[in-house]
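# Topology and contacts: notes
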Amino acid sequence: MATTSRGRNQDRARVAGGQDHEVRYEAKKEGVSKDDVKKAVKDVGNSRKKVEADLDHRG
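Since the model is a prediction, treat every value here as computed from it, not as a measurement. (Residues numbered from 1 in each chain as written. Predicted model: local features only at pLDDT ≥ 70, side-chain atom pairs only at ≥ 80, totals over all residues. Heavy atoms only, no water.)

## A short note on the layout of surface pockets
- Approximately 360 Å³ is the volume attributed to the largest pocket.
- Every residue lining the largest pocket is listed: Gln10, Asp11, Arg12, Arg14, Val15, Ala16, Gln19, His21, Glu22, Asn46 and Arg48.
- Considering only residue class, the lining of the largest pocket consists of two nonpolar, four polar and five charged. (1 Å grid on protein atoms, 1.4 Å probe; cavity = no way out; pocket = protein on both sides within 12 Å on 5 of 7 lines; lining within 4 Å. Points joined across faces, edges and corners; volume = space filled by probe spheres on them. Nonpolar A, V, L, I, M, F, W, Y, C, P; charged D, E, K, R; others polar.)

Here you go:
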């Protein structure tokens, strides 16, 4: 697992719904709006696989 500059572990299997850069990245990657990503995180949790599956299901 990669570490941040502060020495913390990064978890790439999760989407941080409160982090604008992560929401923007996921929205661009999936071709949806940032609001759609935030709603998906709220509905299914922050697991990247679940968020992407939910976005695919919606679209």
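## With respect to helix 2 (residues 34-44)
- Those residues of helix 2 not exposed but buried are Val37, Ala40 and Val41. With its buried residues spanning 100° around the axis, helix 2 presents them on a single face. Opposite the packed face of helix 2, turned more than 90 degrees from it, sit the exposed residues Asp35, Lys42 and Asp43.
- Its buried side turned inward, helix 2 meets helix 1 (20-30) and helix 3 (48-58).
- Just past helix 2, the residue Gly45 takes up positive phi, approximately 100°. (Buried < 20%, exposed > 50% of the residue type's maximum accessible area, 1.4 Å probe, protein only. Helix = DSSP H or I, 4+ residues; strand = E, 2+ residues; numbered from the N terminus. Arc of directions from axis to C-beta. Contact = heavy atoms within 4.5 Å.)

## Focus: the pattern of salt bridges
- By the definition in use, this model includes seven salt bridges.
- Arg14 serves as the salt-bridge partner of Asp11, at 3.4 Å between the closest nitrogen and oxygen.
- Assessed through its relative accessible area of 38%, Arg14 is described here as partly exposed.
- The closest approach of N and O atoms between Lys29 and Glu26, which form a salt bridge, is 3.8 Å. With Lys29 and Glu26 both in helix 1 and three residues apart, the pair spans about one turn of that helix.
- Connected via shared salt-bridge partners are Glu22, Glu26, Lys29, Arg48 and Glu52. (Salt bridge = Lys/Arg side-chain N within 4 Å of Asp/Glu carboxyl O.)

## As for the nonpolar core
- Val15, Val23, Ala27, Val37, Ala40, Val41, Val51 and Leu55 form the largest nonpolar core, which has eight residues in total.
- Only helix 1, helix 2 and helix 3 provide two or more residues apiece to this core.
- Top contributing element to this core by residue count: helix 2, with three residues. (Core = buried A, V, L, I, M, F, W, Y, C linked by side-chain atoms within 4.5 Å.)

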